[in-house]
Amino acid sequence: MNKIYEIFQEFLVSLKFYFHSKKVFENKSKNSKKIIMIETNRIYASHISYGYLLNSLLNKHDCQIGLFKATIFKNSIIKYLHILCYKLNIFQYSSYKAFGKNKFIFYEQPKKKNKIKSIFKKIKNKNDLLLLKIDGVLIGDLIYDSYLRYQGKPTIDINSSDFKRFLKQSLYYYYFCKNLFKKYNIKSVILSHTVYLPAILGRLAIKNKASFYCTAIGHCVRVGEDYLYNENFKYYKKILNEIQFQNFNKALEKSKIDLKKKLSGKITARNENLKKSAWSGRINRNIIKKDNKIKILVATHCFFDSPHVFGNFLFNDFYEWMEYLGKVSEKTNYSWYIKPHPNKIYKSINESLIDKFVNKYKKFNLLERDISHYSFVKNVDYILTIHGNIGEEYALFDMPVINAHKSGRFSEYKFNLNPKNFSEYNKLLMNLKKNIKFKTNKKEIYKAHLANNLIFNNDIILDYKKFCQTVGYKNINSYKAINYWLKHFNQSEHQIIKKKYDDFVYKVDHKIKYEKMRNIHYNATEV
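In short, a report on the structure.

A few words on the overall build of the chain. When its secondary structure is counted, the chain shows 19 helices and 14 strands. Its C-alpha atoms give the chain a radius of gyration of 24 Å, near enough to 24 Å, the size a compact globule of 527 residues would have. Counting every position in the chain, which comprises 527 residues, the buried fraction comes to 58%. Restricting to contacts in the chain with at least 6 residues of sequence separation, those with at least 24 account for 74%. A total accessible area of about 24,200 Å² is found for the chain, and carbon and sulfur atoms account for 51% of it.

Of all 5 residues in strand β8 (residues 219-223), 5 are buried, a share of seventy percent or more. Sheet analysis places strand β7 (residues 211-216) next to β8, joined by 5 bridges and oriented antiparallel. By the bridge assignment, Cys-214 is partnered in β8 with Val-221. A loop of 2 residues connects β7 with β8, the two strands running antiparallel in sequence. Inspection of the sheet shows β8 paired to strand β14 (residues 515-516) by 2 bridges, in the antiparallel sense. Looking at β14, one finds that Val-221 is bridged to Lys-516.

This part covers the pairing of strand β2 (residues 64-68). When you tally the buried positions in β2, you get 5 out of 5 residues, the bulk of the element. Burial along β2 is two-sided: the residues Gln-64, Gly-66 and Phe-68 and Ile-65 and Leu-67 are all buried. As paired strands, strand β1 (residues 34-39) and β2 are joined by 5 bridges and run parallel to one another. Following the sheet pairing, Met-37 is matched in β2 by Gly-66.

What follows covers the sheet that holds β14. Overall, mixed pairing links the 7 strands, which are arranged β3-β2-β1-β6-β7-β8-β14 in an open sheet. Only two strands of the sheet have a single neighbouring strand rather than two, namely β3 (102-105) and β14. Relative to β3, β2 is paired through 4 bridges, and the arrangement is parallel. What sits directly across from Ile-65, in β3, is Asn-102.

Basis of the calculations
For every chain, the first residue of the written sequence is number 1, and numbering continues from 1 along that sequence. Totals for whole chains, interfaces and linings use every residue, but because this is a predicted model, local features are given only for residues with pLDDT of at least 70 and side-chain atom pairs only at 80 or more, for both listing and counting. Heavy atoms from the whole structure form the basis of all side-chain values; hydrogens and water molecules are not counted. Working definition: helices are DSSP H or I runs of at least four residues, strands are E runs of at least two. Numbering for both runs from the N terminus. What the globule rule says is 2.2 Å times the number of residues to the power 0.38, and the radius of gyration is computed from C-alpha atoms. The cut-offs for exposure are 20% and 50% of the maximum accessible area for each residue type, with area from a 1.4 Å probe on protein chains only; residues under the lower value are buried, those over the upper are exposed, and the others partly exposed. By the convention used here, residues are in contact when the closest approach between their heavy atoms is within 4.5 Å. For accessible areas, the Shrake-Rupley method is used with a probe of radius 1.4 Å. Any residue's cover is judged against the shown protein chains and nothing else. When DSSP finds two or more bridges between a pair of strands, those strands are recorded as paired.

This is the structure in structure tokens:
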């Protein structure tokens, strides 16, 4: 009964959203040969940002809207159910109907068997896959991460029949997307992610000189040929250096206060997906053994959640990184401690993999997931992560954090150790020293936090933290998201947001470089 009630509520709320959106957005789409392509999904929170972005793009271009369903349907019944919902204007499709004249485009498998066979021959290992380009378009990382996510695998066996089937379907999808640019005059592509298979259409947009936008309730990015992912930390640092604050010290003080809140156990900007801070919880300072060995804390990542979200790093995936550390543990006399990633979505399968890992590599000590970092912050010698937030947190305690990503959160800063390649990384780990003096520049940490979390935070449409707390983070993409927006809609704020999107589109739509909309409270002259 509860499921039926939820479906009924979704039906009612999506219908309200339809009529409201038709009224507040200008709906200037036309019967034009030019098209703005937008993926259809059930991520209702993103539909709000789709409305604002489409409104701005349609003010600029005489276009109609092309709706494409990225799913490669294996079940024709499901496909026809989607078509029925579209024709009846119900559930998620009512959002898209509200935005203006549109046409619905479904996946059709193209006939490119000969080309696919030649591509298969080029892929000898996982690194070949990650670097795979077709027509100069990088798609290997998208296939890689999609396989891990959709198939629930921590890594890839290139020779498995399961992977080969997936690769074949992924390549078919590429040629389907390529054909769309031959068939239609596509001016823009709007997606909810820059990772996974749907992002292929966005990368083809860049190749074809169309604009590619990635937008959701908390961000809006004009993806460029210089950077293909949603988060660009090098760009964030550049923008911070360009902004002329009236009182830069006041801005840094805000950053410092936000970090203090984080270390006090509170949820702060861009950590809204967590129920509690990693610094809260039970403290046990005796959990680290007292001996003369070098002590290493490994902060793991979710094995399945887009390892290449910021691009390629020093390993093919998180599982390979862990296996490498396991082999290092056998060659060294260090004490190893491992803390599981707090991601709740894949909790059971992540924990199962880590259990197998510590059984295989006996020198590793498994720490409790929810125990506070205050249990060991001063009792370990080094912290290892690929690109985790732990990099800024432990740096505040003058602790050496070793990253493994050249485009990670803190790769542009000196308060972490950032080896440039695997050779440097391996040499560093094999020759760690005890009791090194590591002193960090706290001002640099505050600047990084200001750039990464405050200037570019999630508050571009609404107060994101309040929104998450009200609807519950697990519901932020459900119909409850648009219900929240409808209940809190304010006409004057709506006009401000519309203008923000208009200004952003006017500035970036013709460019080929990465640009991201920033928090409206951090203008050129404001803190």
